[in-house]
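Letter by letter, the chains look like this.
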Amino acid sequence: MTEQTKQMNVLDFAARKPGPGQSSSDKISMVTCYDFWSAQLLNRTQVDSLLVGDSLAMVMHGFDSTVHADVDLMALHIRAVARGAPDKFIVGDMPFLSVRKGLAPAMDAVQALMQAGANAVKIEGEAGQLDLIAHIVESGVPVMGHLGLTPQAVHGIGGHRVQGREAAAAKALVESARRLAEAGCFSVVLECVPAIVARCITNSISIPTIGIGAGAHTDGQVLVLQDLLGMNPDFKPKFLRHYADGFTTISEAVNRFHEDIKTGCFPSRQESYA
Ligand code: KIV
């Protein structure tokens, strides 16, 4: 394990928050990771941390929303990622309704994700959850907040859409972020909010903000791995940058394999046992 790939911890997150009036020179990078083979790959990159997001319900299982992830599914994927990426700080998503059924079931869910190998849990939303968040933090489990577009609430907010565009909604987001920091969250994801709102939140709270579709003025950025790799060429929301054309690269490789079988040039003598 090199210095660059040393596993982060919550103190490193705190240290990456610039002081008041300073701009961040050491932003936090995070990507989603759902399985063993991509975890092994990411373990050898410089990315700071991995998120086993409940977006795995959509990306890995083809559901139309994250509502379909449950604790068992999250724990299964977290176990695979933890086996593949022992050097990375792993955040596991608390799935749909797992924090809304009372203290004991919520703590059972936290226990399942942490014992599966997460280093922290992420909880969407703030209203009605501050006491639970404080209790989880007091229990020694780091909590990452998640505000703005909270996909588990997709049916309640009328779709995957930018949040906090109106002044009142933007102000409410700033206040929610302050309360999450006070409750003990070590960082907060800001998803699909106007850049100016994300900047205001980032400047008003003492914990790092991690943006996705929240502009450049957050303390870190997160993207879904398959999205940044361009695995779905048709999915190109405004905030997404494709860092590779993964769809073309992989489909061309598989088609070359197919052609080589048809033409008989795979396997060669060198690729065969004598
Ligand atoms: O589940 C997920 O992938 C997430 C990110 C979009 C932040 O929560």
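Details of the structure are given in the entry above.
Attention in this report is confined to the structure presented alongside it. Predicted model, so just to flag it, every value in this text is computed and none were measured.

Moving on: the packing of helix H8 (residues 167-183) against helix H9 (residues 195-204). Working note: a packed helix pair is described by the angle between its axes plus the distance between those axes. Contact geometry of H8 with H9 gives a least axis separation of 9 Å together with a crossing angle of 30°. Taken as axis vectors, H8 and H9 run roughly parallel relative to one another. Between H8 and H9 the crossing geometry is right-handed. Between H8 and H9, the residues in contact are Ala170, Leu173, Val174, Ala177 and Arg178 and Val197, Cys200, Ile201 and Ser204, respectively. Residues belonging to the contact of H8 with H9 are distributed by class as follows: 7 nonpolar, 1 polar and 1 charged.

What follows covers the site of the ligand. The ligand sits among Thr32, Leu51, Gly53, Asp54, Ser55, Asp93, Lys122, His146, Val189, Glu191 and Ile212. With respect to the ligand, the side chain of aspartate 54 contributes an N or O atom lying 3.1 Å from an oxygen atom. Serine 55 is positioned such that a nitrogen or oxygen atom in its side chain is 2.5 Å from an oxygen atom of the ligand. Out of a free accessible area of 260 Å², the ligand has 95% covered by protein chains.

We now examine the nonpolar core. With 71 residues, the main nonpolar core has Phe13, Leu50, Met94, Ile136, Met144, Leu190 and Ile201 as its most contacted residues. With 7 residues, the single largest contributor to this core is H8. Ignoring any residue separated from it by four or fewer positions in sequence, one finds methionine 144 in contact with Phe13, Met30, Val91, Val121, Lys122, Ile123, Cys185, Phe186, Ser187, Val189 and Ile210.

Looking at where aspartate 54 falls in the secondary structure, it is placed in the loop between strand S2 (49-52) and helix H3 (56-59). Its relative accessible area of 4% is what places aspartate 54 among the buried residues. Each C-alpha atom of the pair aspartate 54 and proline 95 lies 6.2 Å from the other, and the pair is 41 residues apart in sequence. Not counting chain neighbours up to four residues away, the residues in contact with aspartate 54 comprise Thr66, Ala69, Met74, Asp93, Glu124 and Gln152. A polar contact of 2.6 Å, which involves the side chain of aspartate 54, links it to the side chain of glutamine 152.

The subject of this paragraph is the side chain of serine 49. For serine 49, the location among the structural elements is in strand S2. Classification of serine 49 as buried rests on a relative accessible area of 0%. Other than its neighbours up to four places away in sequence, serine 49 contacts Phe13, Ile28, Ser29, Met30, Val31 and Phe89.

What counts and what doesn't
- Residues numbered from 1 in each chain as written.
- Predicted model: local features only at pLDDT ≥ 70, side-chain atom pairs only at ≥ 80, totals over all residues.
- Heavy atoms only, no water.
- Axes fitted to C-alpha atoms, helices over the stretch in contact; angles between N-to-C directions.
- Helix = DSSP H or I, 4+ residues; strand = E, 2+ residues; numbered from the N terminus.
- Parallel < 35°, antiparallel > 145°, perpendicular 65-115°, else oblique.
- Left-handed = near helix turned anticlockwise from the far one by under 90°.
- Contact = heavy atoms within 4.5 Å.
- Nonpolar A, V, L, I, M, F, W, Y, C, P; charged D, E, K, R; others polar.
- Near = heavy atom within 4 Å.
- Polar contact = N/O pair within 3.5 Å; in protein donor to acceptor, adjacent residues only side chain to side chain.
- Areas by Shrake-Rupley, 256 points an atom, 1.4 Å probe, with all protein chains shown as cover.
- Core = buried A, V, L, I, M, F, W, Y, C linked by side-chain atoms within 4.5 Å.
- Buried < 20%, exposed > 50% of the residue type's maximum accessible area, 1.4 Å probe, protein only.

No statement about biological role is implied by the geometric values presented.
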